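Notes for the structure review
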Amino acid sequence: MGTDAAELQGSGRKAVKLGDKEVEWDSNFRLYMTTKLSKPHYGPEISGKSMIINYSVTQQVCQPF
C-alpha cells in the first residue's frame with residue numbers, strides 16, 4: 001500500500017490511496033507520532049519515508065553545570 005501523492009488523471013487535484021479509498025491530498029498535513037520507548041526500532045520502509053528525531057531527555061542533561 002503506497003501513500004505517495006499522485007495527480008488524478010489530468011484533474012489537477014492530488015490524492016493518496018489509503019486501503020481502498022482515495023483521499024484528497026493536503027500539502028499542509030503533518031503527522032507527529034511519539035513513543036515512550038527509549039530506543040524504538042523502525043524498519044527500513046518506515047525509516048525511508050519519515051524523519052525520525054530523537055528528543056530524549058536524560059538525567060545527565062538535567063544536571064546543573
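Summarised in this report is the structure supplied together with it. (Residues numbered from 1 in each chain as written. Predicted model: local features only at pLDDT ≥ 70, side-chain atom pairs only at ≥ 80, totals over all residues. Heavy atoms only, no water.)

A count of helices and strands for the protein chain gives one helix and three strands. Counting from the amino terminus, helix and strand elements in the protein chain follow one another as β-β-β-α. Long-range pairs, those at least 24 residues apart, make up 0% of the contacts in the protein chain with a sequence separation of at least 6. Taken as a whole, the protein chain presents about 6800 Å² of accessible surface, with 54% of it coming from carbon and sulfur. (Helix = DSSP H or I, 4+ residues; strand = E, 2+ residues; numbered from the N terminus. Contact = heavy atoms within 4.5 Å. Areas by Shrake-Rupley, 256 points an atom, 1.4 Å probe, with all protein chains shown as cover.)

Pairing geometry for strand 2 (residues 14-18) and strand 3 (residues 21-24), over four bridges, is antiparallel. Residue L18 lies in a different strand from strand 3, and its bridge partner there is K21. Following strand 2, the chain reverses through two residues before pairing antiparallel with strand 3; G19 in that reversal takes a positive phi of roughly 65°. (Pairing = 2+ DSSP bridges.)

A surface patch of nonpolar side chains, about 400 Å² in accessible area, is lined by F29, L31 and M33. In this fold, L31 is placed in the loop between strand 3 and helix 1 (44-48). (Patch = residues over 30% accessible without salt bridge, like charges linked within 9 Å, V, L, I, M, F, W, Y side chains within 5 Å. Salt bridge = Lys/Arg side-chain N within 4 Å of Asp/Glu carboxyl O.)

Glancing now at the environment of S50. Residue position: S50 is located in the segment after helix 1. Once the C-alpha coordinates of S50 and L31 are considered, the two residues, 19 residues apart in sequence, prove to be 10.0 Å apart. For S50, the side chain forms a polar contact with the main-chain oxygen of I46, separated by 2.6 Å. (Polar contact = N/O pair within 3.5 Å; in protein donor to acceptor, adjacent residues only side chain to side chain.)

Turning our eyes to something else, we now look at the environment of S27. Among the structural elements, S27 can be located in the loop between strand 3 and helix 1. Residue class for S27 comes out exposed when judged on its relative accessible area of 51%. (Buried < 20%, exposed > 50% of the residue type's maximum accessible area, 1.4 Å probe, protein only.)

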